[in-house]
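Report on the structure
Spelled out from the first residue to the last, the chains are:
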Amino acid sequence: MSMAKPVIGVLALQGAFIEHEEMLRKTGAETFEIRQLADFMRPKDGLVIPGGESTTQLKLLRELGLLEPIREEIRRGLPVFGTCAGLILLAKSVESEGSGRIATMNMEACRNAYGRQLGSFTTVAAVEGIGPDIPMTFIRAPYISKIGSKECKPLAIVDGHIVAARQGAQLATAFHPELGSDTRVHRYFLKMIAESTPSSAEEKG
Ligand code: GLN
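Residues numbered from 1 in each chain as written. Predicted model: local features only at pLDDT ≥ 70, side-chain atom pairs only at ≥ 80, totals over all residues. Heavy atoms only, no water.

In the vicinity of the ligand, the contacting residues are Gly51, Gly52, Glu53, Ser54, Cys84, Ala85, Ile88, Arg111, Asn112, Ile139, Arg140 and His176. Between an oxygen atom of the ligand and a main-chain N or O atom of Gly52, the distance comes to 2.8 Å. A distance of 2.9 Å separates a nitrogen atom of the ligand from a polar backbone atom of Arg140. Considering the ligand on its own, with 300 Å² of exposed area, one finds that the protein chains cover 98% of that surface. Applying the majority rule of atoms within 2 Å of the grid points places the ligand in the second largest pocket. (Near = heavy atom within 4 Å. Polar contact = N/O pair within 3.5 Å; in protein donor to acceptor, adjacent residues only side chain to side chain. Areas by Shrake-Rupley, 256 points an atom, 1.4 Å probe, with all protein chains shown as cover. 1 Å grid on protein atoms, 1.4 Å probe; cavity = no way out; pocket = protein on both sides within 12 Å on 5 of 7 lines; lining within 4 Å. Sits in = over half its atoms within 2 Å of the grid points.)

Spelled out as structure tokens, the structure:
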């Protein structure tokens with residue numbers, strides 16, 4: 001990556017995308033919103049898939065012809081950070097629902113895993129490589145019920161369940177680090193981008 005600010009496309013179809021944009025700008029990145037295929041085609045160093053409602057986001061991704069191009073670019077190495085619904089979209093499969101999403105991370109997600117009433121809570125827990133005391137806000141959150149290969153590494157455990165994972169340049173959290181003031185998870189994602197393919201800046205021309 002060049003010395004210039006990293007440019008992050010934030011999927012802005014539905015959900016908590018504005019909070020990600022604010023957090024990314026605070027941590028030294030430039031952002032733009034992805035609402036259609038033409039936006040997604042813009043040069044970028046990374047992609048954020050926000051929390052919200054994964055079924056709605058998936059429907060829109062299909063209708064807008066974004067699902068395949070996103071999957072392809074991630075497979076080719078585009079760094080991606082998915083939170084909550086974003087984690088669900090990145091998971092290879094979803095418990096009792098099967099596959100059909102972006103499905104680039106070798107893991108199974110369990111949706112609304114904490115039950116409808118207990119779905120929202122906050123805690124503080126360790127995230128490997130980031131810190132021992134990361135604030136975590138869960139909102140009708142999923143967790144990762146299975147890790148499918150050793151390339152996909154669990155990074156955090158809350159109440160015996162995996163709530164964050166990394167596979168190469170892909171990062172997923174069941175919680176919402178964009179809500180609140182702790183910027184460490186976003187900084188970690190920007191560091192992942194800085195460490196990924198050095199040639200991508202040239203290719204963008
Ligand atoms: N429950 C939502 C889903 O299944 C995810 C919740 C969130 O992103 N905050 O898509």
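The subject of this paragraph is the side chain of Arg101. Mapped onto the secondary structure, Arg101 falls in the loop between β5 (91–94) and β6 (105–110). Side-chain polar atoms of Arg101 contact the backbone oxygen of Gly98, separated by 2.9 Å. Dropping the residues within four chain positions of it, Arg101 is found in contact with Leu58, Leu67, Arg71, Ile88, Leu89 and Val94. (Helix = DSSP H or I, 4+ residues; strand = E, 2+ residues; numbered from the N terminus. Contact = heavy atoms within 4.5 Å.)

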